[in-house]
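# Residue-level structure breakdown
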Amino acid sequence: MPSPIDLILIGALLLALVTVESGGWFLTRVVRGLAPANPLQQSFFRAGHAHAAVLIVLSVAILAVLPSAALADGWLWVARLGVPVAAILMPAGFFLSVLGRDPQAPGRAILLLWIGAASLAAGLVTAGVGIIAGGVQAL
């Protein structure tokens, strides 16, 4: 059973999916030409939207099985928060780096994407190793 902290995070992540839903509505406006966006913005908006949804759902899945992980406190927090933090930073990097009237290249906010990617990798590796170790201990 997930801990109370994990249950709160799961609930918050599920509620965050509502923001992804509203982002999907915005994307339908972009592809229909109702919201101006150049090709770079369209690509980055799609990527940001997809990353947000997938990483939120992945976060919920990880939090649901995390009680089976063999992780000490600090590592447990890396496993618990690595992917949810990436679910914020990576889409933010996609969205914020192409703000403006007609950007021709991503702006400095693209750095958020790479910080999020590092958070994603740390969270996935830590959770994966911890869950495997927990399974081995349970044998």
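The notes below deal with the structure included here.

About the thresholds
- Residues numbered from 1 in each chain as written.
- Predicted model: local features only at pLDDT ≥ 70, side-chain atom pairs only at ≥ 80, totals over all residues.
- Heavy atoms only, no water.
- Helix = DSSP H or I, 4+ residues; strand = E, 2+ residues; numbered from the N terminus.
- Expected span 1.5 Å × (residues − 1).
- Buried < 20%, exposed > 50% of the residue type's maximum accessible area, 1.4 Å probe, protein only.
- Contact = heavy atoms within 4.5 Å.
- Phe/Tyr/Trp six-rings, centres within 6.5 Å; stacked < 30°, edge-to-face > 60°.
- Axes fitted to C-alpha atoms, helices over the stretch in contact; angles between N-to-C directions.
- Parallel < 35°, antiparallel > 145°, perpendicular 65-115°, else oblique.
- Nonpolar A, V, L, I, M, F, W, Y, C, P; charged D, E, K, R; others polar.
- Salt bridge = Lys/Arg side-chain N within 4 Å of Asp/Glu carboxyl O.

## Let's talk about the environment of Ile 115
- By the element assignment, Ile 115 lies in helix α4 (residues 111-138).
- Sequence separation between Ile 115 and Pro 84 is 31 residues; the distance between their C-alpha atoms is 13 Å.

## Some points on helix α1 (residues 4-31)
- Between its terminal C-alpha atoms α1 stretches 41 Å, which fits the 40 Å expected from 28 residues at 1.5 Å a residue.
- Three or more residues of α1 are buried, namely Asp 6, Ile 10, Leu 13, Val 20, Gly 24, Leu 27 and Val 30.
- Buried residues belonging to α1 abut α2 (39-65) and α3 (73-96).
- Looking at the residues trailing α1, positive phi occurs at Gly 33, about 80°.

## Observations regarding the packing of aromatic side chains
- Going through the model one piece at a time under the given rule, you end up with three aromatic pairs.
- When the centroid spacing of 5.5 Å and the interplanar angle of 75° are considered together, the rings of Phe 44 and Phe 94 count as edge-to-face. A residue pair is termed long-range when its members are at least 10 positions apart, and Phe 44 in helix α2 and Phe 94 in helix α3 qualify at 50 residues.
- Judged by its relative accessible area of 10%, Phe 94 is buried.

## Structural notes on the packing of α2 against α3
- Close contact between α2 and α3 brings their axes to 8 Å; oriented N to C, the two are set at 170°. Relative to α3, α2 is oriented roughly antiparallel.
- For the contact of α2 with α3, a count of residues per class yields 18 nonpolar, four polar and one charged.

## Some words on the pattern of salt bridges
- Enumeration over the complete set of coordinates arrives at one salt bridge.
- Residue Arg 80 is joined to Asp 6 by a salt bridge in which the shortest nitrogen-to-oxygen separation is 2.5 Å. Here the residue Arg 80 occupies a position in helix α3, and Asp 6 occupies one in helix α1, the gap between them amounting to 74 residues.
- Using a relative accessible area of 6% as the deciding quantity, one classes Arg 80 as buried.
- Given the relative accessible area of 3%, Asp 6 is considered buried.

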